[in-house]
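Structural features, examined
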Amino acid sequence: MTAELNKKPGLETLRAAISRLEGHSDRRRKMLPFGVREIDSRLPGGGLALGALHEVAGGGNDALHSAAAGQFCAGIAARTRGKVLWIVTRQDVFAPSLKQVGLSARRTIYVEAASDVDVLACFEEGLRHGGLGAVVAEVARLSMTASRRLQLAAETSGSLGIAIRRWRRQTDAADFGQPTASVTRWRVSVLPSASLPVPGVGRPRWLLELIRARAGECADFEVEACDAKGRLAPCSPIADRLSLPAALADGSDQEAAGQRRASA
């Protein structure tokens, strides 16, 4: 029993020592849980660290388009407080798809940069600002030096930083294997939607690969994509897939529909 009690403090001491050697602050960060036990249990602190830099990339063909990866990031950003700064080099962000996972256009500030150099400059400045809930930036190359600057800026302000690694050629995606200072690194791949016992398309599904987690473990998760409040869900049995969307479940859309019929 004594050995078991001493095991956890020893592990925490080792993690703190590694963090100090890597040049990171050992102060306790706030966490943003996913609300999915299988995921949160694999992340130190039980969630995604705020005041830190995280990397996300699309798997397969989505490495070029980052559609699912973008929605994953938008769902995370939607659950933070404050405005969200979204930095791009290509004008192809589909705002309705971000709203679908809870990130309202009224909360989002879009910035278009001419190059990765400009993206990184805006990224760092946004993280240092301190008044933003999250800063999301699409960038192809991310060096160790640049990522350390971003990580330090996030630690200083407490803002969440998410780098969406997006490339113009499939061969460039090999750069995702290079080391960076990010706290976590994720890859999001699209899975076939869940089949329903009635005609229609089920909720989208993703394969989430936690490729790196500082002081944590790598793992793969099959999940249902973010809902209208930015929340993931574990893949559920067919019997549970007929639940109402969030907008209908609280009666808001039904009430609006009733008002429209009454006015007609």
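Cut-offs used in this document
- Residues numbered from 1 in each chain as written.
- Predicted model: local features only at pLDDT ≥ 70, side-chain atom pairs only at ≥ 80, totals over all residues.
- Heavy atoms only, no water.
- Core = buried A, V, L, I, M, F, W, Y, C linked by side-chain atoms within 4.5 Å.
- Buried < 20%, exposed > 50% of the residue type's maximum accessible area, 1.4 Å probe, protein only.
- Helix = DSSP H or I, 4+ residues; strand = E, 2+ residues; numbered from the N terminus.
- Contact = heavy atoms within 4.5 Å.
- Polar contact = N/O pair within 3.5 Å; in protein donor to acceptor, adjacent residues only side chain to side chain.
- Axes fitted to C-alpha atoms, helices over the stretch in contact; angles between N-to-C directions.
- Parallel < 35°, antiparallel > 145°, perpendicular 65-115°, else oblique.
- Left-handed = near helix turned anticlockwise from the far one by under 90°.
- Phe/Tyr/Trp six-rings, centres within 6.5 Å; stacked < 30°, edge-to-face > 60°.
- Pairing = 2+ DSSP bridges.
- Salt bridge = Lys/Arg side-chain N within 4 Å of Asp/Glu carboxyl O.

Before going further, it helps to examine the nonpolar core. Formed by 38 residues in total, the largest nonpolar core has its most connected members in Ile-39, Phe-72, Trp-186, Trp-206 and Leu-232. Looking at this core, the elements with two or more residues in it are helix H4 (67-78), strand E4 (83-88), strand E6 (132-139), strand E7 (160-165), strand E8 (184-191), strand E9 (205-213) and strand E10 (219-224). Top contributing element to this core by residue count: H4, with eight residues. Non-local contacts of Leu-232, meaning those with residues more than four positions away in its chain, are made with Phe-34, Val-36, Ile-39, Phe-72, Arg-203, Trp-206, Leu-208, Val-223, Glu-224, Ala-225 and Cys-226. Ile-87, Ala-113, Val-135 and Leu-142 belong to the second-largest nonpolar core, a separate cluster that totals 18 residues.

Looking at where Asp-227 falls in the secondary structure, it is placed in the loop between E10 and strand E11 (233-234). A polar contact of 2.9 Å, which involves the side chain of Asp-227, links it to the backbone nitrogen of Lys-229. Here the side chain of Asp-227 touches Arg-231 through a polar contact of 2.9 Å, landing on its backbone nitrogen. Non-local contacts of Asp-227, meaning those with residues more than four positions away in its chain, are made with Gln-100, Val-101, Gly-102 and Arg-203.

Moving on to the packing of helix H6 (residues 116-129) against helix H7 (residues 144-157). The N-to-C vectors of H6 and H7 enclose an angle of 20°; their axes lie 7 Å apart at closest approach. The pairing of H6 with H7 is recorded here as roughly parallel in orientation. Relative to H7, the crossing made by H6 is left-handed. Taken together, the residues of H7 that come into contact with H6 (itself represented by Leu-120, Phe-123, Glu-124, Leu-127 and Arg-128) are Ala-146, Arg-149, Leu-150, Ala-153, Ala-154 and Ser-157.

Within this structure, the stated rule accounts for five aromatic pairs. On the basis of an interplanar angle of 85° and a centroid distance of 6.3 Å, the ring pair of Phe-72 and Trp-206 is categorised as edge-to-face. With a gap of 134 residues between them, Phe-72 in helix H4 and Trp-206 in strand E9 connect regions that are remote in the sequence. For Phe-72, a relative accessible area of 1% gives the class buried.

Attention shifts here to the sheet that holds E4. Here we have nine strands laid out as an open sheet, ordered E5-E4-E6-E7-E3-E8-E9-E10-E11, and mixed in their pairing. The outermost strands of the open sheet, each flanked by one partner alone, are strand E5 (108-112) and E11. Of the strand pairs in this sheet, E8 and E9 are connected by eight bridges, and their pairing is antiparallel. Residue pairing in the sheet places Val-190 in a bridge with Trp-206 of E9. The sheet strands contacting H6 are strand E3 (53-58), E4, E5, E6 and E7, and the helix crosses E6 at an angle near 170°.

In this structure, E9 lies alongside E10, joined through six bridges in antiparallel fashion. Across the sheet, the residue bridging to Arg-205 is Glu-224, located in E10. Taken together, E9 and the strand that follows it, E10, pair antiparallel across an intervening segment of five residues, in which Ala-215 is found at a positive phi of about 65°.

The final tally for this structure, using the stated rule, is 12 salt bridges. Across the pair Glu-38 and Arg-37 runs a salt bridge whose closest N-O atoms are separated by 3.5 Å. With relative accessibility at 36%, the residue Glu-38 sits in the partly exposed group. Where Arg-203 meets Glu-224, a salt bridge forms, and the shortest distance between an N and an O atom there is 3.5 Å. You can see Arg-203 sitting in the loop between E8 and E9 and its partner Glu-224 sitting in strand E10, a full 21 residues away along the chain. Through salt bridges with shared partners, one network takes in Glu-55, Arg-165 and Arg-185.

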